[in-house]
Amino acid sequence: MNELFEKSGAVGITLADNKIRCIRDCEAKGECLSVFYNVDLKECVMHNKQFDSPSFPVPSGSGAAWRYYLTEDGTCSPENNYYRPLQFCYSVHEITSINFNDTHALCAARGGKLAAVTSQEMQDYFTNFLADRPHDRICIAGNEQPDGSWKLEDGTAMSYFNWYPGQPESATQRCIVIKATSLGDMWMDRNCITSSLYSCSFVCEY
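The text that follows walks through the structure, step by step, so that each part is easy to find. Because the structure is a prediction, the values reported are computed rather than measured. (Residues numbered from 1 in each chain as written. Predicted model: local features only at pLDDT ≥ 70, side-chain atom pairs only at ≥ 80, totals over all residues. Heavy atoms only, no water.)

Some thoughts on the overall build of the chain
Secondary structure assignment for the chain yields 3 helices and 15 strands. The C-alpha extent of the chain, read off along each of the three principal axes, is 65 × 30 × 30 Å. Per-residue burial for the chain yields a buried fraction of 49% across its 206 residues. Here the chain displays about 10100 Å² of accessible surface, and carbon together with sulfur accounts for 49% of that area. A gap of 3 Å separates the mean positions of the 17 positive and 26 negative side-chain charges of the chain. (Helix = DSSP H or I, 4+ residues; strand = E, 2+ residues; numbered from the N terminus. Buried < 20%, exposed > 50% of the residue type's maximum accessible area, 1.4 Å probe, protein only. Areas by Shrake-Rupley, 256 points an atom, 1.4 Å probe, with all protein chains shown as cover. Lys, Arg positive; Asp, Glu negative; His and termini not counted. Charge placed at Lys NZ, Arg CZ, Asp CG, Glu CD.)

Remarks on the environment of Thr156
You can see Thr156 is positioned in the loop between β12 (150–151) and β13 (175–181). Overall, the relative accessible area of 39% leaves Thr156 in the partly exposed class. In sequence terms Thr156 and Ser91 are 65 residues apart; their C-alpha atoms lie 22 Å from each other. Aside from chain neighbours lying at most four places away, what touches Thr156 is Trp150 and Lys151. In this structure the side chain of Thr156 is engaged in a polar contact, spanning 2.8 Å, whose partner is the side chain of Asp154. (Contact = heavy atoms within 4.5 Å. Polar contact = N/O pair within 3.5 Å; in protein donor to acceptor, adjacent residues only side chain to side chain.)

Overview of the nonpolar core
Phe88, Val117, Phe126, Ile140 and Trp187 are the most contacted members of the largest nonpolar core, which has 34 residues in total. Elements that contribute at least two residues to this core include exactly β8 (88–95), α2 (100–109), α3 (120–129), β10 (137–140), β13, β14 (184–190) and β15 (200–205). Contact partners of Val117, with chain neighbours within four places excluded, come to Met122, Gln123, Phe126, Ile140, Tyr160, Ile178 and Trp187. Residues Cys22, Ile23, Cys26 and Tyr37 belong to the second largest nonpolar core, which totals 10 residues. (Core = buried A, V, L, I, M, F, W, Y, C linked by side-chain atoms within 4.5 Å.)

A word on the state of the cysteines
Counting across every chain of the model gives 6 disulfides. In this model Cys107 forms its disulfide with Cys204; the gap between the sulfur atoms is 2.1 Å. Here the disulfide of Cys107 and Cys204 is left-handed, its torsion about the S-S bond being about -80°. With Cys107 in helix α2 and Cys204 in strand β15, the pair connects residues that are 97 residues apart, well separated along the chain. Disulfides within the chain link the bonded cysteines, taken in sequence order, as 1-4, 2-3, 5-6, 7-12, 8-11, 9-10. (Disulfide = S-S within 2.5 Å.)

Thoughts on the sheet that holds strand β6 (residues 66–70)
Sheet strands associate in pairs through backbone hydrogen bonding, adopting either a parallel or an antiparallel arrangement. Taken in spatial order, the 4 strands of this open sheet run β2-β4-β3-β6, and their pairing is antiparallel. Both edges of this open sheet fall to β2 (12–15) and β6, since each of them pairs with a single strand only. Mean inter-strand twist for the sheet, computed between neighbouring axes without regard to direction, equals 20°. Of the strand pairs in this sheet, β2 and strand β4 (residues 43–47) are connected by 4 bridges, and their pairing is antiparallel. Considered in β4, the bridge of Thr14 is made with Cys44. Together, β2, β3 (34–38), β4 and β6 form the strand contacts of helix α1 (residues 19–29), whose direction differs from that of β3 by roughly 150°. (Pairing = 2+ DSSP bridges. Axes fitted to C-alpha atoms, helices over the stretch in contact; angles between N-to-C directions.)

Quick notes on the pairing of β14
Where burial is concerned, most of β14 is hidden: 6 out of the 7 residues are buried. Between β13 and the antiparallel strand that follows it, β14, lie 2 residues.

Overview of the environment of Met158
Mapped onto the elements of the fold, Met158 is located in the loop between β12 and β13. Linking Met158 and Ser34, residues 124 residues apart in sequence, is a C-alpha distance of 34 Å. Apart from the residues within four sequence positions on either side, Met158 is in contact with Ala141, Gly142, Trp150, Lys151, Leu152, Ile176 and Trp187.

Some remarks on the pattern of salt bridges
Under the defined criterion, the tally for this structure stands at 4 salt bridges. Where Lys7 meets Glu43, a salt bridge forms, and the shortest distance between an N and an O atom there is 3.2 Å. One end of the pair, Lys7, is in the loop between β1 (4–5) and β2; the other, Glu43, is in strand β4, and 36 residues separate them in sequence. Accessibility expressed as a relative area gives 15% for Glu43, which makes it buried. Across the salt bridge formed by Lys179 and Asp136, the nearest N and O atoms sit 3.3 Å from each other. Taken as a pair, Lys179 in strand β13 and Asp136 in the loop between α3 and β10 lie far apart in primary sequence, 43 residues in all. Given the relative accessible area of 17%, Lys179 is considered buried. Among the charged side chains, a network of salt bridges with common partners joins Asp136, Arg137 and Lys179. (Salt bridge = Lys/Arg side-chain N within 4 Å of Asp/Glu carboxyl O.)

Shown next as structure tokens:
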């Protein structure tokens, strides 16, 4: 891949004195998986994809002195995204009618599970990378139990919540969506299967 580079879809472009600094910039970026570095221009182009995978096309640009480096250790499959600070491998999907059975099944078929938001850092990251989502709802893992507690699919009790004021509001709405509100992206309870009026984005984690 020498002398080929790709800037489209980059998660960051910096100037770096050498390739080591470029790779360190990538590691500090968190979501960065790979870099294109130009030893003459000292330009560092960071991506959250691995371009040595058949899942992605050959880089489109060409020019002298470009080199490509992977910075991730293979924890994630090349077709998935990666957020280094949380060691979070994920893929993003859409569903036109909220059905949590379908979201769980799709993630399971891909070898993952419906993503859970378990910390403020995870909440902030979801808000950031899904800021331009086509729907105002994000379906996330978590189910209300008969005793009113909330648990994940594996039975783990949930301890982090980001409920919109007044939520959860219904004992029959046992699933969770993150919804864009005037207070930011906050949680609301929803029926686990709803009408076609309610679409959502959802994230599979691996």
